[in-house]
Amino acid sequence: MALYIGLMSGTSVDAIDAVLCDIDNSSANPIQLLHTKSVPFPNVIQQQIHSLSNAEYAHDPIEEMALLDRELGELFAESVDDLLKDSGYKKEDIIAIGSHGQTIRHRPDAYHPFTIQIGNPHTIAARTGIMTVADFRTRDMVYGGQGAPLVPAFHRAIFYDPEQDRIIVNLGGIANITVLPAQGQVLGYDTGPANTLMDQWIGLHQSKSFDADGQWAQQGKVIPSLLQDLLSDSYFAQPFPKSTGREHFNLNWLHQFTCDEFVPQDVQATLLELTAITVSQAIQQHTSSATVILCGGGAYNSALKQRLQQHLDGYDIKSSQDFGVAPDWIEAMAFSWLAHRCINRLPGNLPAVTGARSTTILGAIFAP
Ligand SMILES: Nc1ncnc2c1ncn2[C@@H]1O[C@H](COP(=O)(O)OP(=O)(O)O)[C@@H](O)[C@H]1O
Ligand SMILES: [Mg+2]
């Protein structure tokens, strides 16, 4: 057995997803998910992350960032302790933890492109006594890449099928697709918002953290003029490689379109449609038929799934659950797998996806 732990917390800032995986490249099933743990963020931490992720704040954030970096390190370490306790494994059984960290800024188009994930890896390594791999995105950026998305290499490792074209759609805060043809090059990029705008809009109007099953959206009607305005954002037409985040798709972005003039649930219906259309259009650029595999929390949004089905007539739409992996855990599994790649000196990025000049080993190793 070669046991690794993956820690993921995405743009949705909903929870720390912790997974325990057995990774064996010589096996037909190279990664097995043994145990999982989801640790919701305390509200105050959620607010601090959002405040630091807001690119337009007025105060000096350096002190706040350093404090939150350490505090998140402690929380990530606790999630590992909880996961291990549940699983019955001991720290000595684990080869490494791959910790994505919490993104507070992602600037692939800066003069010197950079990306910042916090959740101090020294703290994780010291508190758990387990080797920790972190900062997976920076090296790809130094090689001229977007540093994102990083999951396509993992999607290829677990979902590639020589008999059929497949497209993996990760519906987190942001949506990213992986185009996995039976023959030919793997591609992938962020298509735009998946849940983040819907989460922020329902937070503002209903004080809920997300729109369960898209029920609130379903009480509204799509506003065609607003939908056209949202679709006119230049990110959607931009060629790949490309990646995005809450720096761009946030409430300020939405307010440019005078959303407050509309019935709130109609805006929600329009945001759901925006996700469905932008994901579908991206998919249609690459194939005219394929098996589409949904993962990430948005895979549980039945209204969104319905709209995707409507737009993607002729495609076979499935959930990763149909392939034996719950949608919630794929990204965290990817970071356990990327830790395994790093420790075994294997490259983790796909240049055709990120736009990097070459493949490279991703991540920095923090000894226990
Ligand atoms: N039952 C559900 N109905 C609708 N949306 C859901 C449901 N379950 C989860 N989600 C959405 O999934 C998001 C979390 O997805 P996740 O894959 O963890 O994203 P991230 O990687 O950005 O944290 C939630 O914020 C919510 O928008
Ligand atoms: Mg999440």
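Residues numbered from 1 in each chain as written. Chains lettered and ligands numbered in written order. Predicted model: local features only at pLDDT ≥ 70, side-chain atom pairs only at ≥ 80, totals over all residues. Heavy atoms only, no water.

Novice: What's the story with the UniProt feature "binding site: ATP" (unreviewed entry) in the protein in this structure? I'm lost.
Specialist: Using the residue numbers shown here, the UniProt feature "binding site: ATP" (unreviewed entry) corresponds to G10, T11, S12, V13, D14, A15, I16 and D17. By relative accessible area, A15 is classed as buried at 6%. In this structure A15 touches M8, S9, S38, V39, P40 and F41, once residues within four positions along its chain are discounted. Residue placement: D17 occurs in strand 2 (residues 15-23). (UniProt positions renumbered as here; feature names shortened; annotations may be inferred. Buried < 20%, exposed > 50% of the residue type's maximum accessible area, 1.4 Å probe, protein only. Contact = heavy atoms within 4.5 Å. Helix = DSSP H or I, 4+ residues; strand = E, 2+ residues; numbered from the N terminus.)

Novice: What exactly am I supposed to notice about the nonpolar core here?
Specialist: Considering soluble globular proteins, one finds that nonpolar side chains tend to be buried as a cluster. Counting residues in hydrophobic clusters, the biggest one holds 45 residues, and the most contacted among them are V169, L171, I283 and L308. Of the residues forming this core, the biggest block, nine residues, is contributed by helix 11 (residues 264-284). For I283, the contacting residues outside a window of four places in its chain are I167, V169, I177, V292, L312 and Y315. Counting residues in hydrophobic clusters, the runner-up holds 35 residues, among them Y4, I168, I330 and A332. (Core = buried A, V, L, I, M, F, W, Y, C linked by side-chain atoms within 4.5 Å.)

Novice: Honestly, the sheet that holds strand 7 (residues 132-134) in this entry has me stumped. Any pointers?
Specialist: Remark on secondary structure: sheet strands pair via backbone hydrogen bonds, oriented parallel or antiparallel. With mixed pairing, the six strands of this open sheet are ordered in space as 3-2-1-4-7-13. The sheet is open, and its two borders are formed by strand 3 (31-40) and strand 13 (364-366), each paired with just one other strand. Direction aside, neighbouring strands of the sheet carry axes that sit 20° apart on average. Sheet analysis places strand 2 next to strand 3, joined by nine bridges and oriented antiparallel. Bridge pairing in strand 3 links I23 to I31. Each of strand 1 (3-8), strand 2, strand 3 and strand 4 (94-99) is contacted by helix 2 (residues 62-87), which is oriented at about 125° to strand 3, the strand it contacts most. Together, strand 1, strand 2, strand 3, strand 4, strand 7 and strand 13 form the strand contacts of helix 13 (residues 330-343), whose direction differs from that of strand 1 by roughly 125°. (Pairing = 2+ DSSP bridges. Axes fitted to C-alpha atoms, helices over the stretch in contact; angles between N-to-C directions.)

Novice: How do you make sense of the packing of aromatic side chains when you look at a structure like this?
Specialist: Each pair of aromatic rings is reported with the distance of its centres and the angle of its planes. Taken as a whole and judged by the stated rule, the model has nine aromatic pairs. A centroid spacing of 5.6 Å and a plane angle of 55° characterise the contact between F154 and W337, whose relative ring orientation is tilted. Taken as a pair, F154 in helix 5 (residues 151-159) and W337 in helix 13 lie far apart in primary sequence, 183 residues in all. The class of W337 is buried, set by a relative accessible area of 6%. With a centroid separation of 5.9 Å and an interplanar angle of 85°, the aromatic rings of Y235 and F249 are classed as edge-to-face. Of the two residues, Y235 sits in helix 9 (residues 234-237) while F249 sits in the loop between helix 9 and helix 10 (251-255), which places them 14 residues apart along the sequence. Each member of the pair, Y235 together with F249, is buried. (Phe/Tyr/Trp six-rings, centres within 6.5 Å; stacked < 30°, edge-to-face > 60°.)

Novice: When you look at the domain arrangement of the protein in this model, what are you seeing that I'm missing?
Specialist: Quite often, the size of an interface is put as the accessible area lost when its parts meet. Its domain assignment divides the protein into domain 1 (3-150 + 328-366) and domain 2 (152-323). Placing the centre of domain 1 and that of domain 2 at their C-alpha centroids yields a distance of 23 Å. Listed per partner, the contact involves 27 residues of domain 1 and 29 residues of domain 2. The contact between domain 1 and domain 2 buries some 2,400 Å² in all, and 61% of this surface belongs to carbon and sulfur atoms. (Domains from an automatic or database assignment. Buried area = accessible area lost by both parts, 1.4 Å probe.)

Novice: It is not clear to me how unusual backbone geometry should be interpreted in this structure. Could you clarify?
Specialist: Comment: phi is negative for the bulk of residues other than glycine, and the bulk of peptide bonds are trans. A148 connects to P149 through a cis peptide bond whose omega is -15°. Locating P149 in the fold gives a position in the loop between helix 4 (138-142) and helix 5. The omega angle of the peptide bond from F240 to P241 is 5°, so this bond is cis rather than trans. Looking at the element boundaries, P241 is found in the loop between helix 9 and helix 10. In this structure, T258 is a non-glycine residue whose phi angle is positive, near 45°. In this fold, T258 is placed in the loop between helix 10 and helix 11. One non-glycine residue, R345, lies in the positive phi region at around 55°. Mapped onto the elements, R345 comes out in the loop between helix 13 and helix 14 (351-354). A relative accessible area of 52% places R345 in the exposed class.

Novice: Honestly, the site of ligand 1 in this entry has me stumped. Any pointers?
Specialist: With respect to spatial proximity, 18 residues lie near ligand 1, and among them S12, G173, D199, D213 and G297 are the closest. A distance of 3.3 Å separates an oxygen atom of ligand 1 from a polar atom in the backbone of G10. At a separation of 3.5 Å, an oxygen atom of ligand 1 approaches a polar side-chain atom of N195. Starting from 580 Å² of accessible surface for ligand 1 in isolation, the protein chains cover 88%. Here the shell around ligand 1 is composed, by residue class, of three nonpolar, ten polar and five charged. (Near = heavy atom within 4 Å. Polar contact = N/O pair within 3.5 Å; in protein donor to acceptor, adjacent residues only side chain to side chain. Areas by Shrake-Rupley, 256 points an atom, 1.4 Å probe, with all protein chains shown as cover. Nonpolar A, V, L, I, M, F, W, Y, C, P; charged D, E, K, R; others polar.)

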